[in-house]
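Structural overview
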Amino acid sequence: MRVAGSPSRGEEGFAIVLALLALMVLAGIASAAVAAAVGQLRAAAMAQGVLMSRTGARAGVEATLESIRGTPASVVGGPAVELASGSHSTRGSWRVLGVRLSEEFHLFIGEGEMGGAVPMREARLVWWIDPEARVAAHRAVVEANSVSLAASAQLLSDSTLATRQGMPPCDHLPLLAQAFAGPAVPVSGNPPGPPEWGAGTDGAEFGDIRLGWYGGPMLGELADLDLSGGGPAPPGCPTCWAGLVFGNGPVRLAGDGAGVLIVIGDVTLGPGSSWTGLVLASGNVVIERAARVVGLVRGGGEVSVADGAVVDGSACAALQALKAATRLARPLPLRERSWVGPVPPAGAGR
Amino acid sequence: MRPRSEKTRGFALTEAVVAGTLLLLVVQVSWWVTAVQSVVATRVVTGARILDETRLIHHVLASEVGQGRAGLDWGIADGELHLRAFRGMGFACENQPGDGWAVAVAGFRGSTANKDSVLVFSGDGSWHTSALTRRSQRSSIACQDIPGFSPEIWYLDPAPVRPLAAMYFERGAYRFSDGAFRYRSGQGGWQPLTDTGIVVDSATLEPAGSRGVRARVTWQGPIPILPAFEWTTWTLR
């Protein structure tokens with residue numbers, strides 16, 4: 001007997017079938033969406049990790065350039081040296097290796113890693129002053145477009161590697177020995193070409209004066225003592241190393257001093273004064289009566305030496321002056337192209 | 001025995017018609033739901049693919065443009081990005097042979113003689129381009145040991161003076177054409193890097209200032225609204 005309102009045999013479970021069908025369809029759509037979303041999430045996380053690793057590597061190189069000072073510890077052709085390392089965010093780390101390619105060019109390789117993501121590497125070419133190589137770039141005691149000597153003036157080149165009072169010996173240094181050893185060190189010669197002197201195609205900031213890859217504006221920023229516009233005189237002592245002494249405009253020295261003297265314009269050493277170290281001037285260098293320079297001189301104009309004045313060529317004095325100019329002892333990225341690559345991760349096969 | 005009444009037979013027929021109609025309805029609804037499910041799933045999968053391939057295009061452009069210097073290494077002409085596609089770098093080894101230049105090399109692919117050019121950094125601080133005419137791998141070369149770098153001998157024309165470091169590259173170009181993002185090595189054919197489905201008329205590569213590339217990618221989608229992406233990539237060199 002059939003009871004009114006109760007389902008017949010043919011209607012039993014029909015709604016369940018429909019509901020299951022709908023659920024299956026929805027589950028299919030949802031699972032596809034979940035799979036796609038998870039895939040996108042993984043891909044995005046991987047891309048983020050790579051980006052952060054690369055940023056860490058790049059930032060490590062930048063941080064190293066900003067923080068490291070002094071002379072490089074690596075040697076030409078020697079193994080890579082770890083220059084710096086650190087961490088970024090909460091899970092990232094970086095380190096920078098330095099490879100010395102030549103006396104003054106280095107390759108910084110930054111490695112960055114972010115929490116198990118693919119580690120990335122970035123490399124940058126930098127110039128890092130080497131005092132010995134800088135001094136060895138001089139081929140004569142006085143390098144200038146012209147040299148004017150008074151009758152009793154002296155240019156001495158017979159003891160460029162000799163040890164002098166208050167200075168360590170330098171004749172054992174290979175680059176200096178190669179550049180200045182031998183019986184005939186020229187007393188004078190023309191200024192060298194870029195990058196030792198002159199702008200060439202390297203940029204306007206090297207137009208007035210340059211010391212390797214330091215141009216005039218940067219030398220002014222790094223100066224320990226600025227003589228521009230009649231600034232204070234350097235310490236009055238032949239071996240009181242003043243570091244980098246810079247002047248923009250004509251500079252006249254009346255007493256004694258020592259260091260790296262760089263002047264955009266003319267420089268004059270007054271009667272009886274002295275300078276020990278390196279003298280670079282974009283204009284003329286005037287050494288007046290009884291004045292004395294112990295070191296090396298390079299001028300963009302004329303170097304004139306008056307009666308009784310002496311330029312006593314000394315590579316050791318120039319070297320000591322550059323070593324004492326500690327603010328120059330820092331890596332400097334090349335002005336134009338400096339980043340090189342791509343550098344794949346260490347474990348990547350080619 | 002009493003025969004089945006007319007009313008009983010008619011009820012069975014009506015019941016059959018209703019059952020058939022319901023069955024058809026169920027089949028139709030099922031078919032519709034399946035079709036909708038298929039469309040939705042296709043959209044999901046296609047959307048994921050579009051995102052993947054857009055990410056690929058972004059990565060490729062960011063890598064290539066980021067490696068080079070605008071104007072020198074890459075430029076845009078007629079909607080095509082022409083560039084030096086840098087593939088690796090090397091630096092001078094400690095010991096040098098009498099012939100050739102010993103370099104420690106690392107790259108995303110190996111250097112290829114007669115195909116790659118080399119941008120060489122010399123000891124005077126200048127960069128020059130040479131052709132890589134020949135290369136050989138010698139494990140006996142003494143080179144600074146850095147993971148990922150392996151020693152090679154390169155023969156360059158012209159031979160550089162006091163070389164210190166180098167980047168090797170091939171000439172290449174990128175563009176959107178025939179529905180895909182494509183790359184051409186040298187003067188070869190345009191090879192697709194993505195699946196087709198890009199609306200080429202709405203996909204562009206154009207300069208953004210002096211150091212950037214603005215990319216716009218529009219995909220043909222299963223939805224009425226075309227998925228479009230636009231971004232600017234800058235060189236960091």
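Residues numbered from 1 in each chain as written. Chains lettered and ligands numbered in written order. Predicted model: local features only at pLDDT ≥ 70, side-chain atom pairs only at ≥ 80, totals over all residues.

**Observations regarding the overall build of chain A**
Threshold: Helix and strand assignments follow DSSP, with helices taken as H or I runs no shorter than four residues and strands as E runs no shorter than two, numbered in order from the N terminus. Computation of the radius of gyration draws on C-alpha atoms alone. For the globule rule, the value is 2.2 Å times the number of residues to the power 0.38. Contact between two residues is assigned whenever their backbone-derived C-beta positions fall within 7 Å.
Of the regular secondary structure elements, chain A holds five helices and 22 strands. Compactness check: chain A gives a C-alpha radius of gyration of 34 Å against a globular reference of 20 Å for 350 residues, more than 25% above the reference. Expressed as lengths along the three principal axes of its C-alpha atoms, the size of chain A is roughly 145 × 40 × 35 Å. Relative to all contacts within chain A whose residues are 6 or more apart in sequence, the contacts with residues 24 or more apart total 52%.

**As for the overall build of chain B**
For clarity, the cut-off: To sort residues by exposure, count the other C-beta atoms lying within 10 Å of each residue's C-beta; 20 or more gives buried, 12 or fewer gives exposed, and values between give partly exposed, all with C-beta atoms placed from the backbone.
Looking only at helices and strands, one finds one helix and twelve strands in chain B. For chain B, the succession of helices and strands along the chain, N to C, is α-β-β-β-β-β-β-β-β-β-β-β-β. Rg of the C-alpha trace for chain B: 31 Å, well past the compact-globule value of 18 Å for 237 residues, more than 25% over. Principal-axis analysis of the C-alpha atoms places the extent of chain B at approximately 120 × 45 × 30 Å. For chain B, with 237 residues in total, the buried portion stands at 30%. Once local pairs closer than 6 in sequence are excluded, the contacts in chain B between residues at least 24 apart make up 52%.

**Notes on helix H5 (residues 315-324) of chain A**
The buried fraction of H5(A) amounts to nine of the ten residues, a majority that puts the element mostly inside the structure. When we look at burial in H5(A), the residues that qualify are A:Ala315, A:Cys316, A:Ala317, A:Ala318, A:Leu319, A:Gln320, A:Ala321, A:Leu322 and A:Ala324.

**Section: the interface of chain B and chain A**
Between chain B and chain A, the residue contacts involve 40 residues of the former and 38 residues of the latter. Put simply, the parts of the chain that give the side of chain B that touches chain A at least two residues each are helix H1 (6-67), strand E2 (80-92), strand E3 (101-107) and strand E7 (163-177) of chain B. No other element matches H1(B), which puts 13 residues into the side of chain B that touches chain A.

**Side note on the nonpolar core**
The following threshold applies: In this usage, the nonpolar core is the set of buried Ala, Val, Leu, Ile, Met, Phe, Trp, Tyr and Cys residues whose C-beta atoms join them within 7 Å.
The biggest cluster of nonpolar side chains holds 134 residues, and the ones touching the most others in it are A:Ile262, A:Val279, A:Ala315, A:Ala321, B:Val103, B:Ala165 and B:Ala166. Apart from the residues lying within four places of it in its own chain, the contact partners of B:Ala165 are A:Leu101, A:Leu107, A:Leu125, A:Val340, B:Met89, B:Gly90, B:Phe91, B:Ala92 and B:Phe121.

**A short note on the sheet that holds strand E19 (residues 302-305) of chain A**
All names here are of chain A. Note the following rule: Pairing between two strands requires that DSSP report at least two bridges joining them. Note on method: axes are straight lines fitted to C-alpha atoms, helices fitted across the in-contact stretch only, with angles between N-to-C directions ranging 0 to 180 degrees.
Ordered by their spatial adjacency, five strands build an open sheet running E6-E19-E17-E15-E13, and the pairing between neighbours is parallel. At either margin of the open sheet sits one strand with a lone partner, and together these are strand E6 (146-149) and strand E13 (251-253). For this sheet, the mean inter-axis angle between neighbouring strands, taken without regard to orientation, is 10°. Inspection of the sheet shows E6 paired to E19 by four bridges, in the parallel sense. Among the inter-strand pairings, Val147 is bridged to a residue of E19, identified as Val303.

**A look at the environment of A:Val263**
Position of A:Val263 among the secondary structure elements: in strand E14 (residues 256-264). Leave out the neighbours within four places in its chain, and A:Val263 touches A:Gly247, A:Val251 and A:Ala281.

**Concerning the pairing of strand E12 (residues 241-248) of chain A**
All names here are of chain A. In terms of burial, E12 is largely enclosed, as eight of its eight residues are buried. Bridge count for strand E11 (residues 225-226) against E12 is two bridges, and the pairing is parallel. In the strand pairing of E12, Asp226 is matched with Phe246.

**As for the sheet that holds strand E10 (residues 204-208) of chain B**
Residue and element names in this part refer to chain B. In spatial order, the strands read E10-E11-E12; together these three strands make up an open sheet with antiparallel pairing. With one partner strand each, in any of the chains shown, E10 and strand E12 (228-234) form the two edges of the open sheet. Sheet twist, expressed as the mean angle between neighbouring strand axes with direction ignored, is 20°.

**Things to note about the environment of B:Gln191**
Residues and elements named next belong to chain B. Turning to its location among the elements, Gln191 is positioned in strand E9 (residues 191-192). When the 10 C-beta atoms within 10 Å are taken as the criterion, Gln191 is described as exposed. Linking Gln191 and Tyr174, residues 17 residues apart in sequence, is a C-alpha distance of 9.5 Å. In contact with Gln191, not counting residues within four places along its chain, are Arg182 and Tyr183.

**Some points on the confidence of the model for chain B**
Where the model shows low pLDDT, its predicted coordinates should not be examined in detail. Put simply, the rule reads: Per-residue confidence from the predictor is given as pLDDT, running between 0 and 100.
Taken residue by residue, chain B gives an average pLDDT of 88. The fraction at 70 or more is 93%. Of the two predicted TM-score estimates for the complex, the pTM is 0.86 and the ipTM is 0.85.

**Thoughts on the environment of B:Ser130**
Residue and element names in this part refer to chain B. With respect to the secondary-structure elements, Ser130 resides in strand E5 (residues 127-136). For Ser130, a count of 20 C-beta atoms within 10 Å gives the class buried. Aside from chain neighbours lying at most four places away, what touches Ser130 is Ser117, Val118, Val120, Leu156, Asp157, Pro158 and Pro160.

**Comments concerning unusual backbone geometry**
Residue A:Pro342 is reached from A:Gly341 by a cis peptide bond, and omega for that bond is 10°. The topology assignment puts A:Pro342 in strand E22 (residues 339-343). Put simply, B:Asp157 and B:Pro158 share a cis peptide bond, and its omega is 0°. One can find B:Pro158 in the loop between strand E6 (150-157) and E7. The phi dihedral of B:Asn114 is positive, around 65°, even though this residue is not glycine. By the secondary structure assignment, B:Asn114 is in the loop between E3 and strand E4 (117-122). Despite not being glycine, B:Asp178 has its phi angle at roughly 50°, a positive value. Tracing the backbone through its elements, the reader meets B:Asp178 in the loop between E7 and strand E8 (180-185). What makes B:Asp178 exposed here is the crowd of 11 C-beta atoms within 10 Å.

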